[in-house]
Amino acid sequence: MIEQYLLHLFIIACVYAILAMSLNLAVGFTGLLNLGHVAFYAIGAYTSALLAVGLGVPFWGGMLAGGCMAALFGYLLSFPTVRLKGDYLVLGTLGFTIIVEAVLKNWASLTRGPLGIAGIPKPRLLGLSLSPLPAYALLALAAALLTYWLLSLVVASPFGRTLKAIRDDEVAAGALGKDTFRAKAKALALSAFLAGVAGALYAHYITFIDPSSFSITETILIFSMVLVGGTASLLGSVAGAALLVLLPEPLRFLPIPSDIVGGMRQAIYALLLVLVILKRPQGLLGEDTLRDAWARARRRRKGA
Amino acid sequence: MDILPQLIMNGLIAGSVYALMAAGFSLMYGLQRFMNVAHGATYLVGAFAAYACARLAGMPLALSFAIAVLVATGLGVAINQLVYVPLQRQKEKDRALLLASFGVFLLVEAIILMVFGADVKSFGLPVRKGMDVLGAVVTPVQLVIILAAPLVFLGLWLFLYRTRTGTALRAAADNEAIARTMGVNVRAMTTLTTALGSALAGVAGILVALEQNLEHSMGLPAVLKGLTAAIIGGIGNVPAAILGGYLLGLAENLGIWYLPSGYKDAIAFVILILFLLVRPQGFFGTRRREEAGG
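Residues numbered from 1 in each chain as written. Chains lettered and ligands numbered in written order. Predicted model: local features only at pLDDT ≥ 70, side-chain atom pairs only at ≥ 80, totals over all residues. Heavy atoms only, no water.

Chemist: Would you explain the overall build of chain B in this entry?
Modeler: Helix and strand content of chain B: 11 helices and 2 strands. When the elements of chain B are put in sequence order from the N terminus, they spell out α-α-α-α-β-β-α-α-α-α-α-α-α. Taking 19 Å as the expected radius of gyration for a compact globule of 294 residues, we find that chain B reaches 19 Å, a close match to that expectation. Burial status across chain B gives 54% buried among its 294 residues. Considering only contacts in chain B between residues 6 or more positions apart, those separated by 24 or more positions represent 75%. With an accessible surface of roughly 12,500 Å², chain B has 65% of that area assigned to carbon and sulfur atoms. (Helix = DSSP H or I, 4+ residues; strand = E, 2+ residues; numbered from the N terminus. Rg over C-alpha atoms; globule rule 2.2 N^0.38 Å. Buried < 20%, exposed > 50% of the residue type's maximum accessible area, 1.4 Å probe, protein only. Contact = heavy atoms within 4.5 Å. Areas by Shrake-Rupley, 256 points an atom, 1.4 Å probe, with all protein chains shown as cover.)

So, in structure tokens, the structure goes:
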């Protein structure tokens, strides 16, 4: 029983780790404050679920299709939004989330509206079912590790350096001949692809999805994971995801009504978000912490 | 019966609330220079404080409203002092301020949820028959909303354009450095605009509470509509933001003539994205390069 519960938490943490890492590519490495990430997650989940339930497409095909569909939307979203800066980008991407949510709720002939999609099949691999929890946990772990590996390659590549240059000084990056618009569009598409994969992973695990799983609050939760962990730090995003998934769990065992638990859960991560921004803006494992620590150590040595 | 007058009337009712929110946003944006999402928290607290005073504590309506506006104002000022003022010193303060305001909003929403629970509440004013106004059916409460908003705006205008403090406030919003050299206390002005903006949000919250059901989740849509209205009008310009609020209310309600009503909320954001693309400075605004897209 307890193992089942821990494995469940592990799987959920893996899904969020993928979401946080991929969001970090846009937010931390490229400097795009994207509040539309949860929409990509939803698009991936719905694409994969509908393909599986409606057409019997196996999980692997659905996951790939979900990722590609999300990437397509990410690429399309980049046209109206990546020219925007700061607050305007935040609002534009937030608007995208709300439009996608409205479509999921209202296009009932496709998405079944607020009723959601039930009976999403669990994946199979080489004829074996991946429905036992340990098998699914391995699948989720493999997906999270692959995401980590892929994104660390990307951010260390010349393309990754272009993204960081755009983040630090877009005009200068443009002056050096980088096509900043295309680089940002590609970053957003890749970020969206991974969120779509996470969506498929979630949908085929829970086996039921409805629009309420992909609300704006969820966007802020993923954003908090990135911020608490540290922007531009992939390991930070993993740590942030694990922390924010696990931190409110003890509430489950307290004898309090469920809407209070929901409120406390939200209060905990909102408070954590505000405190981190106020007291440790670079996050727990932010990129410049080592440098800061180094500078502090040097100052101390000089002082001594 | 022709449906057009009714849709326009509904647009004016929704628009009154959006305009109140947008006016508050615009006022605060002038001095704080970021989109204060926690504006929705003051709105939410205004609505629930009025409900708690009038329905749970049994106070008279007028007293409840006064207390609710005061509580909303106090909350707005407290958030500014505790969170935004310390953040002004940070390196990446734009991002920090925006995200912190999101965090504060979610925290307040969570507290409201814990205190009042998730069930839908109603002010439970006696239901009166609607009257016929210019071919549309309007309830007395709706009439109060339609008339109260312009009165508030008149008061705001008199303050901003007919008093010394109002002039100082506009000067500080227009050019902080020059205002400071002319002896304007910019810090005090920031506190004052926060108080004013929060009071406006509190009023909006109360008006909505009178007419509709109260839910803890009603804050975010209100913030987003208010922001959208402010941008449609031209953020940082209070009268333009007010007009933006009415325009948004009308656009939404006329839009559901063609679209299923479930898409009502999405209409605002389609308009928003169009504006961000084509006219980020809004209908009446002038373009500032550093704020709009490059």
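Chemist: Can you help me understand the packing of helix 1 (residues 2-29) of chain A against helix 10 (residues 216-229) of chain A in this one?
Modeler: Each pair of packed helices can be summarised by the angle the axes make with each other and by the distance between the axes. Residues and elements named next belong to chain A. Taken N-terminus to C-terminus, the directions of helix 1 and helix 10 make an angle of 75°; their axes are 9 Å apart at the nearest point. By the angle class used here, helix 1 and helix 10 are roughly perpendicular. Of helix 10, the residues touching helix 1 (which contributes Y16, L19, A20, L23, N24 and V27) are E218, L221, I222, F223, M225 and V226. Grouping the amino acids of the contact of helix 1 with helix 10 by side-chain chemistry returns 10 nonpolar, 1 polar and 1 charged. (Axes fitted to C-alpha atoms, helices over the stretch in contact; angles between N-to-C directions. Parallel < 35°, antiparallel > 145°, perpendicular 65-115°, else oblique. Nonpolar A, V, L, I, M, F, W, Y, C, P; charged D, E, K, R; others polar.)

Chemist: Looking at this structure, how should I read the interface of chain A and chain B?
Modeler: Much of the literature gives interface size as the accessible area that the parts lose upon coming together. The partner chain B presents 46 residues to the 42 residues of chain A that form the contact. Taking both sides of the interface into account, the surface hidden between chain A and chain B amounts to around 3,700 Å²; carbon and sulfur atoms contribute 75%. Contact with chain B buries area across many residues of chain A, yet D87, Y88 and L91 of chain A alone supply 19% of it, more than any other trio. The interface formed by chain A and chain B holds 0 salt bridges in total. Here chain A and chain B share 3 residue pairs in polar contact (both at pLDDT 80 or more) between them. Secondary-structure elements contributing two or more residues to the side of chain A that touches chain B are helix 4 (86-106), helix 10 and helix 12 (258-279) of chain A. Considering each element in turn, the side of chain A that touches chain B owes the most residues, 14 residues, to helix 12 of chain A. Partitioning the side of chain A that touches chain B into residue classes produces 29 nonpolar, 8 polar and 5 charged. (Buried area = accessible area lost by both parts, 1.4 Å probe. Salt bridge = Lys/Arg side-chain N within 4 Å of Asp/Glu carboxyl O. Polar contact = N/O pair within 3.5 Å; in protein donor to acceptor, adjacent residues only side chain to side chain.)

Chemist: Sorry if this is basic, but what is going on with the pattern of salt bridges here?
Modeler: Where side chains of opposite charge bring their charged atoms close, a pairing between them can arise. Residues and elements named next belong to chain A. One pass over the full model with this rule turns up 7 salt bridges over all chains. Measuring nitrogen to oxygen at the nearest pair gives 3.5 Å for the salt bridge that ties E101 to K105. In this pair, E101 and K105 both sit in helix 4, 4 residues apart, roughly one turn of the helix.

Chemist: Would you take a moment to explain helix 4 of chain A for this structure?
Modeler: A turn of α-helix holds 3.6 residues, and therefore any two residues three or four places apart point the same way. Taking 1.5 Å per residue as the helical rise, helix 4 of chain A with its 21 residues ought to reach 30 Å, and the 31 Å between its terminal C-alpha atoms agrees with that figure. Counting buried residues in helix 4 of chain A gives 17 out of 21 residues, a clear majority hidden from the surface. (Expected span 1.5 Å × (residues − 1).)

Chemist: I'm lost on the side chain of Q32 of chain B in this one. Help?
Modeler: All names here are of chain B. For Q32, the location among the structural elements is in helix 1 (residues 4-32). At a separation of 3.1 Å, a polar atom in the side chain of Q32 contacts the side chain of N80. Not counting chain neighbours up to four residues away, the residues in contact with Q32 comprise N80, Y84, T190 and T194.

Chemist: What exactly am I supposed to notice about unusual backbone geometry here?
Modeler: Generally, phi is negative for residues other than glycine and the peptide bonds are trans, each holding for most cases. Residue and element names in this part refer to chain A. The phi dihedral of R112 is positive, around 60°, even though this residue is not glycine. Along the chain, the position of R112 falls in the loop between helix 5 (108-111) and strand 1 (124-125). Positive phi outside glycine occurs at T207, with the angle close to 70°. Relative to the assigned elements, T207 resides in the loop between helix 9 (180-206) and helix 10.

Chemist: How should I be thinking about a nonpolar patch on the surface in this particular structure?
Modeler: A cluster of nonpolar residues, M69, L72, F73, Y75, L76 and F79 of chain A, forms a patch on the protein surface that exposes about 510 Å² of accessible area. Along the chain, the position of Y75 of chain A falls in helix 3 (residues 59-81). (Patch = residues over 30% accessible without salt bridge, like charges linked within 9 Å, V, L, I, M, F, W, Y side chains within 5 Å.)

Chemist: Can you help me understand the packing of aromatic side chains in this one?
Modeler: Both the distance between ring centres and the angle between the ring planes are used here to describe each pair of aromatic rings. A complete count under the given rule lists 16 aromatic pairs over all chains for this structure. Ring centres of Y75 of chain A and F79 of chain A lie 5.4 Å apart, and the angle between their planes is 90°; this geometry places the pair in the edge-to-face category. Taken together, the positions of Y75 of chain A and F79 of chain A, both in helix 3 and 4 residues apart, correspond to about one turn of that helix. Given the relative accessible area of 38%, F79 of chain A is considered partly exposed. Among the aromatic residues, ring-to-ring pairing joins F48, Y51, F65, F116 and F123 of chain B into one connected group. K122 of chain A extends its terminal NZ or CZ atom over the ring of Y136 of chain A, reaching a point 5.5 Å from the ring centre. (Phe/Tyr/Trp six-rings, centres within 6.5 Å; stacked < 30°, edge-to-face > 60°. Lys NZ or Arg CZ within 6 Å of the ring centre and 35° of its normal.)

Chemist: Looking at this model, I keep getting lost on the environment of D259 of chain A. Mind explaining?
Modeler: Mapped onto the elements, D259 of chain A comes out in helix 12. Here D259 of chain A falls in the partly exposed class, since its relative accessible area comes to 27%. On a C-alpha basis, the gap between D259 of chain A and F193 of chain A in space is 33 Å, while along the polypeptide they are 66 residues apart. Apart from residues no more than four positions distant in its own chain, D259 of chain A is found in contact with L113, G117 and A118 of chain B.

Chemist: Looking at this structure, I do not really get the nonpolar core. What am I missing?
Modeler: Among soluble globular proteins, nonpolar side chains are generally buried collectively. Within the largest apolar cluster, 197 residues are counted, with the highest numbers of intra-cluster contacts made by Y16, L201, I209 and F214 of chain A together with Y43 of chain B. The leading source of residues in this core is helix 1 of chain A, at 18 residues. Not counting the four nearest positions on each side in its chain, L201 of chain A is found in contact with V15, I18, F59, Y136, L139, A140 and A143 of chain A. (Core = buried A, V, L, I, M, F, W, Y, C linked by side-chain atoms within 4.5 Å.)

Geometric descriptors of this kind do not, in isolation, establish any biological role.
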